[in-house]
Amino acid sequence: MTDPTDKAREEFFSEAQEIIETLSKNLLALDASLREEFSDPGLVNEAFRAVHTLKGLAGLFGAASMGMLSHRLEDVLDALRLGRIELTPSILDVLFQAVEVYGKVLAAEKDPEEDAAPLVEAMLVEFERIGAGATRDQSPTAEYDLDPGLLAVLTEYEEHRLRTNIENKMRLYRLRVQFDLATIDKALEEMKERAKRHGEIITYLPTGETASVDSIELDLLLASQDDLAMLIGALGADNVVIEEINRRNATVMPGTIKPAPMLRSRATSLPGKDEELQPLRMGDDTGLEASGSLKSLTQTVRVDIHKLDHLMNIVGELAIVRGALASISERLREEGQRQLGAELQRLHRSFDRRLSEMQDGILEVRMVPLGQVFDRLARVVRQISRELSKEIRLVITGADTEIDKLIVEELSDPLMHMIRNAIDHGIESIQRRQEVGKPDAGTIALNAFQKGNHVMIEIEDDGRGIDEQALIERAIKSRKIASSDAKELSREEVLNLIFLPGLSTREEAGDLSGRGVGMDIVKTNISKLGGVIDVHSEAGIGTKMTITLPITLAIVSALLIRVGGQVFAVPLSSVSEALAFDASGVHVVDGREVMTLRGATLPLCRLDRLLRVQDPAAAGMRRFVVVASMGTRRLGLIVDHLYGQQDIVIKPLGRSLADVRGFAGATDLGDQHVGLVLDVGALIEEVLTGSELSRERKMYADG
Amino acid sequence: MAEIVAHSAAGMARRRGTRDFLVFILAGDLYAVGLTRIREILSPPPITPVPRAKPAVIGVCSVRGLLVTVMDLRRRLHVEEQPLTRRARILLVEAQSGEVVGLMVDEVRHVARLADSEIEMATSLLGGDVSEHVIGIGRPVGDVVVLLNLSTIVSA
Amino acid sequence: MSRILLVEDSFSMRAFVRSALESGDTLFTGVEVVEASSGFDALRLLPRGPYDLVITDINMPDINGLELVRFIRKSDQHKNTKVLLISTQSSEKDRERGMSLGADAYLAKPFSPESLREEARLLLARVTE
C-alpha cells in the first residue's frame, strides 16, 4: 500500500527536476548576457527565486542535502543580485557546477544507494571561496512615501524589491487594468511581457472593484526608468490606466482615490494601440533566449508518458476492432443481409472517423518541444568548449518544433555525440581560424523544423569540413573498401563512409568522443526511430548533418508474417508486393540468390537464416516472398506465412537491445503477445551491402 | 499477476543504517539485490525471443503495454540453468538509463533487512564473471546471501 | 463535508498538503480539496464557493497570499471562511501583515503533515459547531 506522502514525494522529485532545468536555462542566458556585456538583473533574481523555492521544498520533504546546498547557494545568489559580488565567468562556472551537483543530489534522494555527500561538501567549499558569508540583506530603509495600505499587502520580499528599485532612482507607476476572467492568463502574460521591457513589476493587486462578474481589475505596480508619456505610448490601451506614484508628497491609494483628472485625460487621449518596441535584451544572433517564454503553467497538465502509451494501446486495439467491423459488414452483404450490412458499414465509417480523431488527439498530447533536448546540449557545448579551449557560439532555432516524447528521449545521445565531433574535430583552433580569416568563435547551429510528416534537425558547423581524402584512406586501412573502388565513389558515398562501423582510430576512441561510440551507432539509433541522416560538407567551410525523423511513432499499417515460428511485422510503407515463392525460379548470381520479377532481378534473403530462427515445421510448406523496398533498392524476403494486414503501434526497443540490428521496434499482437517489427532499411543494407563488402574483402585479400 | 513492492520503507531504513534486499534463488543458491530499484515482481508473461540479441537476453514481453527486455539472470551470471518452474519470476528493475528491464530468476523468497554489520563487502570472494556483479555477502541469521550490483548487471 | 481551497504555485507542495489533509484520522466529516495554482486561479475559483477554509501560500509570483487575504476579507460571500497562511520564510513581517489583514492562522515551512492537519482541524472545528 503506497503511503500518500510517497505520491507527494514523487511530485517533489518531478518539480525539483523542473526547477533545476529552469535554473540551468537561466544560467545559460546569464552566460550569454555576460558575453554580450549586457547584464540583466532579472536573471540573477530568477535564479535566486528558483533556488529559494528548492530550499523550501527540500525542507518540507526532508531532503537535507538539497536543503543545505540550496541554503548556501541562495546566499551566493543573494549577494550577486544585490551587487555585493560581481558576476564573473569563473563564478558562473561554480553556479553551473552547482546545477550538476543538484542533479546528483536529486538522484541520491531517489536512490539511497547513491551518495552525493562529497560533491555537496566540495560545492560548499567553493561557495565559501566566493566569499558569500551568511549575512543577508540589511539595506537601510530608503526615504519613500508609499501608501501604508499598499505596503500592508506586500510580502517582505516584494517590499525589498520595491526598496531596491527606489534606491536605484526608479520611478513608480500604477497600471490599472481590466481583464476578462476567461482570458486573463493569456492577456496577463502579454501585459507582463510588454511591461517587463520597461521595468520590473513589483506586484499585482486585485482592486476588488469590477465592472462585471466575469471581469477583474488589477493594479500592477511597476518600477521603471521611463517617463509617463513613454509608458503610456507603449502600454496604454482601452482597458489600461497608467499613473505615476509620487515619492515625496501626495500618495495614491490603490483602489480608493480617483486619479487626477489631468493625468486621466492624458491617458485617454493617446491612441489605443501599442507600439512594438524593440526588446531590451540581447540581439537575436546569440539565439539563446532568456527564459521569458515560459508557458502559462495553469494551462498545462502534467501527464505520465506511460499513461499515454496505455491510451495508444487501447487505440491500437480499437483499430483491430474497426477492421473486424469492416469485414463482418462485408460478410453480411455477401450472405444477402444487405440492409444490416449497409448499417454496419455506416457504423464502421463513423467509428473510423472518430478513431482517427482520437488517435490524432493522443499523438498531439505526446508531443514535446525539441527545446528540452537543445537546452541540455547547450550545457554540454559550454562544458566542452571550455575543456578544449575553443570559443563556440551556439545558435539554436526552432526549439519549439514538436516531436513525440519517446523520440526526444532517444535523441539526446546521438545529438550530443555529433556536437562533440563538431567541436572536437570540426572547429579549428582559434589560431588556425585566425589564419584562414574566420571569426575566433566557431559557430554551431542547431535548427529544427517540421516538413510534412517529418521533423528535420540540422547540425551545422563552420569548421574545417570533412577531410575526404583522409576518410578514404582510413576506410581502406580498416578494410571497409578496396583501394581500387575508392576512385569510383561519388562524393556522397565518400562522406557516408563516416557511418561505417569500426573506423575509429587513435583519438576518436578517446573520452571526449565518448566511450568509443561512433557515427555508426548514431546512425543506427536514428534509424531505430525511423529516421535517416545525411551529411554535407565543404572543405574549409564546414559540415552539416541533417536528421529526418517521423513526427511520431504512429500507428502504421503493417504486414504480419511468420518466419521460423515467430510472428514479425513489416511496415507496409516498405512493402511493394507479396507473392508466392517459387523455388524453381531462384538462381545464384555473384554468390547471392536472386529471382526474376517481371524482367528485373530481385535479390533474395532467406529471413529464417539471416535471423537464425529455423522452424522445422515449416519445411516443405508453401513459402512467400515479400518484396521490401527502400528508395531504389529492393530485397525479396522469403517468409513462411502471410497473416495479413494490421494496424500496429511501434514501440522502440530499449537501450539494452541497442546492439541488435534489423528491428525498428516491437508491437503488441494482442493477448499479451509481442511481435518484432522489421527495420526494412537496415535489413536491406545489411544484406546487400554486407555481401558487397565481403566480396570486396575477398578481392582485397586476393590482391 | 503482479505483486507490487513498496520502496518507501526501504528509503527510511537506509537512513537508519540498514538496507532492504529482495532475496531470490538462482541455481539453488540465495542471491539478493537492493529493494529500491525493483519496481515489480511478476509471473512470466509470454516472451518473444529477439533474434541475434546477446545470449543472456531471453526476449521481450509486454507488461500492461510497456515493452520490457527480459534477461536471464542465471545466464548473465553464468550459473547453472535449471528448467524454469511455476515458481520462476521476473523482477522488473529500473536501469540507470531509466529503462525498465526484466530479470528472470528461479524463485523469489523474501525481503531481508540487513544491517551494515551483517554485510561483508566483496574483495574477491568468488572467481569468474560473477565477481564484477557482486557487491558482497550478506549473512542474515545463518543464511549466506550473495548481494548483487544491479547497475552492472543491467548495463552493457 | 468541509470545502477547502488550496492556493499554492508549487505542485509538489500542493500534493504534500493535499495528502496531509486527506489522510490520517480526520475528525471532520471529510474534506473536499480544490487546488489553485496561482492567485489568479484562486480568484477564478472563489466565486464557486463559499469555502470553509482557504489555505494559501504567501510568496507567489503575481498575486501574493496577502493580497488574496485582503480580497477574501472584502468579499461578502466568504465572510465565514477561515484563512490559513503558509510561508517559506518564517518572516515576522509577513505574519503580522497576514494576521492584521484578517488571516486566522499562519504556518511557517517546513511543517509536518501533522501540524497542518492540526491547524486545519482547529480552524474547521469552529465551523461545524
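Computed from a predicted model, the values in this text were never measured in an experiment.

Reading the values: rules and limits
- Residues numbered from 1 in each chain as written.
- Chains lettered and ligands numbered in written order.
- Predicted model: local features only at pLDDT ≥ 70, side-chain atom pairs only at ≥ 80, totals over all residues.
- Heavy atoms only, no water.
- Core = buried A, V, L, I, M, F, W, Y, C linked by side-chain atoms within 4.5 Å.
- Buried < 20%, exposed > 50% of the residue type's maximum accessible area, 1.4 Å probe, protein only.
- Helix = DSSP H or I, 4+ residues; strand = E, 2+ residues; numbered from the N terminus.
- Contact = heavy atoms within 4.5 Å.
- Pairing = 2+ DSSP bridges.
- Axes fitted to C-alpha atoms, helices over the stretch in contact; angles between N-to-C directions.
- Buried area = accessible area lost by both parts, 1.4 Å probe.
- Salt bridge = Lys/Arg side-chain N within 4 Å of Asp/Glu carboxyl O.
- Nonpolar A, V, L, I, M, F, W, Y, C, P; charged D, E, K, R; others polar.
- Parallel < 35°, antiparallel > 145°, perpendicular 65-115°, else oblique.
- Left-handed = near helix turned anticlockwise from the far one by under 90°.

1. Structural notes on the nonpolar core
Line of reasoning, step 1. Counting residues in hydrophobic clusters, the biggest one holds 122 residues, and the most contacted among them are Phe-374, Leu-415 and Ile-457 of chain A.
Line of reasoning, step 2. The leading source of residues in this core is helix α4 (residues 89-110) of chain A, at twelve residues.
Line of reasoning, step 3. Beyond its immediate sequence surroundings of up to four residues, Ile-457 of chain A is in contact with Leu-370, Phe-374, Leu-411, Leu-415, Asn-447, Ala-448, Met-545, Thr-546, Ile-547 and Leu-549 of chain A.
Line of reasoning, step 4. Grouped together as the second largest cluster of nonpolar side chains are 58 residues, Leu-181, Leu-205 and Ile-245 of chain A together with Ile-58 of chain C included.

2. Examining the sheet that holds strand β3 (residues 53-57) of chain C
Residues and elements named next belong to chain C.
Line of reasoning, step 1. Spatially, the five strands line up as an open sheet ordered β2-β1-β3-β4-β5, and their pairing is parallel. Lying at the two open borders of the sheet, with one neighbouring strand each, are β2 (31-36) and β5 (105-108). The average angle at which neighbouring strand axes cross in this sheet is 20°, direction not considered.
Line of reasoning, step 2. Pairing analysis gives five bridges linking β3 to strand β4 (residues 82-87), with the strands arranged parallel. Its bridge partner lying in β4, Asp-57 is registered against Ile-86.
Line of reasoning, step 3. In the packing of helix α3 (residues 65-74) onto the sheet, contacts are made with β1 (2-7), β3 and β4, and the angle to β4 comes to roughly 175°.
Line of reasoning, step 4. Across the face of the sheet, helix α4 (residues 92-101) comes into contact with β4 and β5 while running at roughly 160° to β5.

3. Notes on the interface of chain A and chain B
Line of reasoning, step 1. In this complex, chain A contributes 34 residues to the contact, which on the side of chain B involves 30 residues.
Line of reasoning, step 2. Taking both sides of the interface into account, the surface hidden between chain A and chain B amounts to around 2,600 Å²; carbon and sulfur atoms contribute 56%.
Line of reasoning, step 3. The interface formed by chain A and chain B holds two salt bridges in total.
Line of reasoning, step 4. Counting residues per element, the ones that place at least two in the side of chain A that touches chain B are α1 (4-35), α11 (305-334), β13 (566-571), β21 (663-670), β22 (673-678) and α21 (680-701) of chain A.
Line of reasoning, step 5. Per-class residue counts for the side of chain A that touches chain B are 14 nonpolar, eight polar and twelve charged.

4. Describing the packing of helix α3 (residues 64-81) of chain A against helix α5 (residues 117-130) of chain A
All names here are of chain A.
Line of reasoning, step 1. Relative to each other, α3 and α5 sit at 15°, their axes nearing to 10 Å. One way to sum up the angle between α3 and α5 is to call them roughly parallel. At the point where α3 passes α5, the crossing takes the left-handed sense. Of α5, the residues touching α3 (which contributes Ser-65, Met-68, Leu-69, Arg-72, Leu-73 and Val-76) are Val-120, Met-123, Leu-124, Phe-127 and Ile-130.
Line of reasoning, step 2. A class-by-class count of the residues in the contact of α3 with α5 yields nine nonpolar, one polar and one charged.

The analysis is restricted to geometry; functional conclusions fall outside its scope.
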